[in-house]
Amino acid sequence: MPRLYLCMGPHCRSRGATDVYAALEQALWQAGLVGKVECITSGCQDRCQRGPNLLVQPGGRRWHRLTPHQISALVALLSDTGV
Ligand code: FES
C-alpha cells in the first residue's frame, strides 16, 4: 500500500503541518483512497527550511512547503499516477 509520510517535526508543525494533515485525510476520503493509501505522520525529515514536507513511498517523491490548499491537487495527481 502506498504511504504518505507527513512530517510532524517541530518546524513543519510550526509551518502548518497539522492543517495539512487534516486536509490530506479529508482529500483522501473524498477521492475514495481511504484503505488504499496510508497517511502517516513522521518525525523530522531533515528538510526543515522547506516544510511542511511530505514523502511518498514507494518511489521516494518529496513534496515541500505544502499548504492545505494544495492537497486536493496533490491527491488528484497521486490518484492519476497510481500513487
Ligand atoms: S521538522 Fe519537518 S523536516 Fe524537520
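Criteria and thresholds
- Residues numbered from 1 in each chain as written.
- Predicted model: local features only at pLDDT ≥ 70, side-chain atom pairs only at ≥ 80, totals over all residues.
- Pairing = 2+ DSSP bridges.
- Helix = DSSP H or I, 4+ residues; strand = E, 2+ residues; numbered from the N terminus.
- Axes fitted to C-alpha atoms, helices over the stretch in contact; angles between N-to-C directions.
- Contact = placed C-beta atoms within 7 Å.
- Core = buried A, V, L, I, M, F, W, Y, C linked by C-beta atoms within 7 Å.
- Buried ≥ 20, exposed ≤ 12 C-beta atoms within 10 Å, placed from the backbone.
- pLDDT = per-residue confidence, 0-100.

S.K.: Describe the sheet that holds strand 2 (residues 38-42), listing the residues and the values that go with them.
M.R.: Strand order in the open sheet formed by 4 strands is 2-1-3-4, and the pairing between neighbours is mixed. The open sheet has two edge strands with one neighbour each: strand 2 and strand 4 (61-63). Taking each pair of neighbouring strands and ignoring which way they run, the sheet shows an average axis angle of 25°. Across 4 bridges, the pairing between strand 1 (residues 3-7) and strand 3 (residues 54-57) is antiparallel. Looking across to strand 3, one finds that Arg3 is bridged to Gln57. Sitting on the sheet, helix 2 (residues 17-30) is in contact with strand 1 and strand 2, with an inclination near 160° to strand 1.

S.K.: An account of the nonpolar core is needed here, citing residue identities and associated values.
M.R.: Counting 17 residues, the largest nonpolar core has Leu6, Ala17, Val20, Leu24, Ala27 and Ile71 as the members making the most contacts within it. Listing elements by their share of this core, those giving two or more residues are strand 1, helix 2 and helix 3 (71-80). Element by element, the count of residues in this core is highest for helix 2, at 7 residues. Those residues in contact with Ala17 that lie beyond four places of it in its chain are Leu6, Cys7, Met8, Cys12, Gly51 and Pro52.

S.K.: A description of the confidence of the model for the protein should follow, citing residues and the corresponding values.
M.R.: Residues with a pLDDT of 70 or more make up 96% of the protein, whose mean pLDDT is 92. Taken element by element, the protein is modelled with least confidence in helix 3, mean pLDDT 85, and with most confidence in helix 1 (residues 10-14), mean pLDDT 98.

S.K.: Give me the lowdown on the environment of Val56, citing residues and values where you can.
M.R.: Take Val56: it is sitting in strand 3. Residue Val56 is classed as partly exposed on the basis of its 18 C-beta neighbours within 10 Å. For the pair Val56 and Asp80, spaced 24 residues apart in sequence, the C-alpha separation works out to 14 Å. With residues up to four places along the chain from it excluded, the contact list for Val56 reads Pro2, Leu4 and Arg61.

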